[in-house]
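Each chain is listed here by its residues.
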Amino acid sequence: MTYDNDNIFAKILRGEIPCIKVYEDEQTLAFMDIMPQAPGHTLVIPKEAALTIHDLSDDAAANLINKVKLVANAVKKGLNADGISLFQLNGKAAGQTVPHIHFHILPGSYLTAKAHASVSSDPTELERIASKIRASIELDSN
Ligand code: AMP
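Residues numbered from 1 in each chain as written. Predicted model: local features only at pLDDT ≥ 70, side-chain atom pairs only at ≥ 80, totals over all residues. Heavy atoms only, no water.

(A) Quick peek at the overall build of the protein. Within the protein, the secondary structure is distributed over 3 helices and 5 strands. Taken from N to C terminus, the helices and strands of the protein fall in the order α-β-β-β-α-β-β-α. For the protein, the C-alpha radius of gyration of 14 Å lies close to 14 Å, the compact-globule estimate for 142 residues. Expressed along its principal axes, the backbone C-alpha trace of the protein runs to roughly 40 × 35 × 25 Å. Looking at the protein as a whole, 42% of its 142 residues are labelled buried. Partitioning the contacts of the protein with sequence separation of at least 6, the portion at a separation of at least 24 is 62%. Summing over all exposed atoms, the protein offers an accessible surface of approximately 7,600 Å²; the carbon and sulfur share of this is 54%. Here the protein holds 13 positive side-chain charges and 17 negative ones, and the gap between their average locations is 5 Å. (Helix = DSSP H or I, 4+ residues; strand = E, 2+ residues; numbered from the N terminus. Rg over C-alpha atoms; globule rule 2.2 N^0.38 Å. Buried < 20%, exposed > 50% of the residue type's maximum accessible area, 1.4 Å probe, protein only. Contact = heavy atoms within 4.5 Å. Areas by Shrake-Rupley, 256 points an atom, 1.4 Å probe, with all protein chains shown as cover. Lys, Arg positive; Asp, Glu negative; His and termini not counted. Charge placed at Lys NZ, Arg CZ, Asp CG, Glu CD.)

As structure tokens, then:
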């Protein structure tokens, strides 16, 4: 499969549709999942156009996992989460619904979380949670 430049995360990266951002740098964007499987469900995506992990360059893959760690630390700290689940789906057969590689950061257990991409959350509530994550990223970089 080829990369679809009109997938929803490509549109978010181009600023064509909004997101509730928690972190951004030259290679990475992190934002709140609009259908969180638990409060604080956050996505981290590379800016490189890649459908799955199999398509991502080694450089982008190395950067991405470092930024997943940075944002996961902030989610854990900002939301006082006892545990954090990370997951990442590659291909429709694996359940991937948005064809631009991303990591999911989920406070608590993936095993007992809500169903995947099922219930939209109130944007005000997402923003309230995002502000705590942002504050923790800033604190970590001090
Ligand atoms: P996956 O099935 O692994 O590709 O996950 C895609 C994730 O993107 C799901 O958890 C969706 O809830 C989430 N999602 C879909 N559209 C948006 C959007 N516009 N902004 C934020 N998250 C989204």
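(B) Spotlight on helix α2 (residues 58–78). The end-to-end C-alpha distance of α2, which contains 21 residues, comes to 30 Å, matching closely the 30 Å that a straight helix rising 1.5 Å per residue would cover. The set of residues buried in α2 consists of Ala60, Asn63, Leu64, Lys67, Val68, Val71, Ala72, Ala74, Val75 and Gly78. Positive backbone phi, approximately 50°, marks Asn80, located one or two places after α2. (Expected span 1.5 Å × (residues − 1).)

(C) Molecular detail of the side chain of Lys67. Within the secondary structure layout, Lys67 lies in helix α2. Of note is the side chain of Lys67, whose polar atom sits 2.8 Å from the side chain of Asn63. Residue contacts for Lys67: discarding those within four places in its chain leaves Tyr23, Asp25, Thr28 and Val44. (Polar contact = N/O pair within 3.5 Å; in protein donor to acceptor, adjacent residues only side chain to side chain.)

(D) Representation of the packing of aromatic side chains in the model. According to the stated counting rule, one finds 2 aromatic pairs in the structure shown. Seen in terms of ring centroids, Phe9 and Phe31 are 5.3 Å apart; in terms of plane orientation they differ by 85°. Their pairing is edge-to-face. Remark: Phe31 occurs in strand β2 (residues 28–32) and Phe9 occurs in helix α1 (residues 8–13); sequence separation between them is 22 residues. Its relative accessible area of 6% is what places Phe9 among the buried residues. Given a relative accessible area of 2%, Phe31 falls into the buried group. Residues Phe87 and Tyr110 carry aromatic rings whose centres are separated by 4.5 Å and whose planes lie at 50° to one another, so their mutual orientation is tilted. (Phe/Tyr/Trp six-rings, centres within 6.5 Å; stacked < 30°, edge-to-face > 60°.)

(E) Geometry of the sheet that holds strand β3 (residues 42–46). Read across the open sheet, the 5 strands follow the order β1-β2-β3-β5-β4; overall the sheet is antiparallel. Of all the strands in the sheet, the pair left with one neighbour each is β1 (21–24) and β4 (84–87). Averaged over all adjacent pairs, the angle separating strand axes in this sheet is 15°, with direction ignored. In this structure, β4 lies alongside strand β5 (residues 103–107), joined through 4 bridges in antiparallel fashion. Across the sheet, Ile84 pairs through a bridge with Pro107, a residue of β5. (Pairing = 2+ DSSP bridges. Axes fitted to C-alpha atoms, helices over the stretch in contact; angles between N-to-C directions.)

(F) Structural view of the pattern of salt bridges. Overall, the coordinates contain 7 salt bridges when judged by the stated rule. Through salt bridges that share partners, Asp6, Arg14 and Glu16 make up one connected network. (Salt bridge = Lys/Arg side-chain N within 4 Å of Asp/Glu carboxyl O.)

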